[in-house]
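# Structural overview
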Amino acid sequence: MNREQVVVAGAGAAGLAVAGMLKRRGVEPLVLERTGQVASSWRRRYDSLRLNTPRLNSTLAGYRMPRRYGRWPVRDDVVDYLEEYGRRHELRIQFETELNRAERTDDASAEQNGGDATAARWLLDTSSGEIATRFAVIATGHDAEPKLPDWPGAAGFAGELIHSADYRNPEPFQGKDVLVVSARNTGSEIAYELCTDGGCQVWTSMRTPPSVFPREWPPGFPLNYSTVVLDLLPDAVLDRAGFVTQRLIYGNLAKHGIPRAPLGVQSATKKRHVSALVDAGFVRALKDGKLKLVDALERFDGAEAVLADGSRLRPQVVIAATGYDRNLPGIVGHLGVLDEDGVPTLGGQPLRAPRQHPAAPGLFFNGYYTTSAGQLRFMRIDGRRIARAIVRELASAS
């Protein structure tokens, strides 16, 4: 059995952020990555993806994103950055190794009763064998597996049905009739790209209206900078500011099929784990009639997509931007550290470093907390916090 002081599961931004800060503090973690490369989730994204948070707010601690990426880094910039981040910190990464389950060890129980304060607390079951470790950091991300709803009739749909994880660019869909399911970030950007660069007739299916904001407002100023400041205030303040800002920028979007969101932008992000629509041209295309908003997709009937209002479409392609499943329930669901949505929690609040769950000492999570100010920023902040907490505890036990 392999024995380690610290194991970090996931070689994406969240995992590398922790590993880099541990290495800087003299601790050599082992990073597990289920694929053969770092930044695997970023590599799977569509070609034109651009961050919705500016470079300055998207960088990790220990190595800044280069200025050559510009204000809004694209997918390939992020992949390049994370590769270089791992090289600069000389991180020890074990590829093709997936974490299946984390269990507390007998040594952990003995420690609580006055036993060895340096003993391994966690036994990690991986695809490459078992690893005993004192500290485990779970950073496998929100997007472990594409989530495709089990729509009635989908098996008999005469057209092409894919998840947005399999979409790269408009080229394979040139001139086709396409239904994009979801009007949030990924769905809206794919829909806009298909109707402008793909020459497609595009419908966008929307179940719950999102809050809508541009990347910059006024032009040239990232709106995210203001959001970071407002993020310090109560959620209700940012919710209200979001409603007012959207109305000032876009007017009454209900006239174009997007009524006011049922939850404010901060509440939706923190409580429901759903993002706003960061507009990259979608609203202009909607107002210009280049794409159409339609009701939620309910089922398929042969070649037809049947919507919640009973109307029917005959798309040649359906692209489901319906999100991803986390793999946390299989790894730590039995420990009582997740809420009903499968997100780390303690006492009804997000479980963030330096806090540890009483039922799981030595277990940390990074990359699962976000607000409307963006997720990468908190990966940086919590990466530092986790590293400090681990180093502090190692020092006190030595």
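Residues numbered from 1 in each chain as written. Predicted model: local features only at pLDDT ≥ 70, side-chain atom pairs only at ≥ 80, totals over all residues. Heavy atoms only, no water.

### What to know about the sheet that holds strand S10 (residues 201–205)
Whether parallel or antiparallel, the strands of a sheet pair through hydrogen bonds between backbone atoms. Just so we agree on the cut-off: A pair of strands is treated as paired once DSSP finds two or more bridges between them. Helix and strand assignments come from DSSP, with helices taken as H or I runs of at least 4 residues and strands as E runs of at least 2, each series counted from the N terminus. Here an angle of 0 to 180 degrees is reported between the N-to-C directions of two axes, which are lines fitted to C-alpha atoms, with helices fitted over the stretch in contact. Contacts between residues were defined by any pair of non-hydrogen atoms, one from each residue, lying within 4.5 Å.
With parallel pairing, five strands are arranged side by side in an open sheet as S8-S17-S9-S10-S13. The open sheet is flanked by strand S8 (160–163) and strand S13 (291–294), the only strands paired with a single partner. Here the strands of the sheet are splayed against their neighbours by 20 degrees on average, with no regard to which way each runs. Here four bridges tie strand S9 (residues 177–181) to strand S17 (residues 317–320), and the two strands are oriented parallel to one another. Among the inter-strand pairings, Val178 is bridged to a residue of S17, identified as Val317. Here helix H6 (residues 185–196) sits on the sheet in contact with S9, S10, S13 and S17, set at roughly 165 degrees to S9.

### A short note on empty space enclosed by the protein
The following threshold applies: In this analysis the probe radius is 1.4 Å and the grid spacing 1 Å, with only protein atoms considered; a cavity is a set of points the probe fits into but cannot get out of, a pocket is an open set with protein on both sides within 12 Å along at least five of seven lines, and lining residues have an atom within 4 Å of a point. Grid points are joined across faces, edges and corners, and a volume is the space filled by probe spheres set on the points. Nonpolar residues are Ala, Val, Leu, Ile, Met, Phe, Trp, Tyr, Cys and Pro. Charged residues are Asp, Glu, Lys and Arg, and all others, Gly as well, are polar.
All chains considered together, the criterion is met by one cavity of 30 Å³ or more. Taken as a whole, the largest cavity spans an internal volume of roughly 110 Å³. Ranked by the residues each element gives to the lining of the largest cavity, the list is headed by helix H12 (residues 376–397), at three residues. In terms of residue class, the lining of the largest cavity is made up of 10 nonpolar, two polar and two charged.

### Overview of the layout of surface pockets
Considered as a void within the structure, the second largest pocket measures approximately 340 Å³ in volume. Among the elements of the structure, helix H9 (265–271) and strand S20 (349–350) are those that each provide at least two residues to the lining of the second largest pocket. The greatest single-element share of the lining of the second largest pocket, amounting to three residues, is contributed by H9. Taken together, the residues of the lining of the second largest pocket sort by class into five nonpolar, six polar and six charged.

### Notes on the environment of Tyr368
In plain terms, the rule: Classification of residues uses two cut-offs on accessible area relative to the type maximum, computed with a 1.4 Å probe and protein chains only: under 20% is buried, over 50% is exposed, and between them is partly exposed. Between N or O atoms, a polar contact is any pair within 3.5 Å; within protein, one atom must be a potential hydrogen donor and the other a potential acceptor, and residues adjacent in sequence are included only when both atoms are from side chains.
Tracing the chain through its elements places Tyr368 in the loop between strand S21 (363–365) and H12. A relative accessible area of 5% places Tyr368 in the buried class. With 78 residues separating them in the primary sequence, Tyr368 and Lys290 have C-alpha atoms 36 Å apart. Within the structure, Tyr368 has its side chain in polar contact with the side chain of Thr140 (distance 2.9 Å).

### Examining the sheet that holds strand S14 (residues 297–301)
Read from one edge of the open sheet, three strands run S14-S15-S16, paired in antiparallel fashion. The open sheet has two free edges, formed respectively by S14 and strand S16 (312–313), since each of these has just one partner strand.

### So, unusual backbone geometry
The omega torsion of the bond from Trp217 to Pro218 falls at -5 degrees, within 30 degrees of zero and hence cis. With omega at 10 degrees, the peptide bond leading from Ala353 into Pro354 counts as cis. Looking at where Pro354 falls in the secondary structure, it is placed in the loop between S20 and S21. Even without being a glycine, Glu90 presents a positive backbone phi close to 50 degrees. Along the chain, Glu90 falls in the loop between helix H4 (75–88) and strand S3 (92–94). Unlike most non-glycine residues, His273 shows phi in positive territory, near 60 degrees. By relative accessible area, His273 is classed as partly exposed at 26%.

### Thoughts on the packing of aromatic side chains
Here a ring pair, both rings aromatic, is described through the centre-centre distance and the interplanar angle of the planes. As a reminder of what qualifies: Any pair of Phe, Tyr and Trp rings, taking the six-membered ring for Trp, is counted once the centres come within 6.5 Å. Such a pair is stacked with planes under 30 degrees apart, edge-to-face with planes over 60 apart, and tilted for the rest. We call a charge positioned above a ring when the Lys NZ or Arg CZ atom is no farther than 6 Å from the ring centre and deviates by at most 35 degrees from the ring normal.
Following the criterion strictly, the structure yields nine aromatic pairs and no others. Geometrically, the ring pair formed by Tyr167 and Phe173 is stacked, given 5.9 Å between the ring centres and 15 degrees between the ring planes. Grouping residues by exposure puts Tyr167 and Phe173 together as buried. In this structure an aromatic cluster arises from ring pairing among Tyr46, Tyr167 and Phe173. The ring of Phe243 is capped by Arg260, whose NZ or CZ atom sits 3.5 Å from the centre of that ring. In this structure, Arg377 is placed above the aromatic ring of Phe378, and the distance from its NZ or CZ to the ring centre is 4.9 Å.

### Section: the side chain of Ser182
Within the secondary structure layout, Ser182 lies in the loop between S9 and H6. In this structure Ser182 comes out as buried when scored by relative accessible area, which is 18%. A polar atom in the side chain of Ser182 sits 3.3 Å from the backbone nitrogen of Arg184. Residue contacts for Ser182: discarding those within four places in its chain leaves Gly187, Ser188, Thr204, Ser205 and Ala321.

### Thoughts on helix H8 (residues 235–250)
Basically, it comes down to this: The span expected for a helix works out to 1.5 Å for each residue beyond the first.
Spanning 16 residues, H8 covers 22 Å between terminal C-alpha atoms, matching the ideal 22 Å at 1.5 Å per step. Where H8 is buried, its residues contact strand S11 (212–214), helix H7 (223–230), H9, strand S12 (277–279) and helix H10 (282–287). Two residues or fewer past H8, Gly251 is found with a positive phi of approximately 75 degrees.

### Section: the state of the cysteines
The bond known as a disulfide is covalent and runs between the sulfur atoms of two cysteines. Inclusion rule: Here, a disulfide means two cysteine sulfur atoms that sit within 2.5 Å of each other.
The final tally for this structure, using the stated rule, is zero disulfides. Summary of cysteine pairing: Cys195 is not part of a disulfide, and the nearest cysteine sulfur, belonging to Cys200, is at 8.5 Å. According to the relative accessible area criterion, Cys200 is buried, its value standing at 7%.

Coordinates in, geometry out; function isn't part of it.
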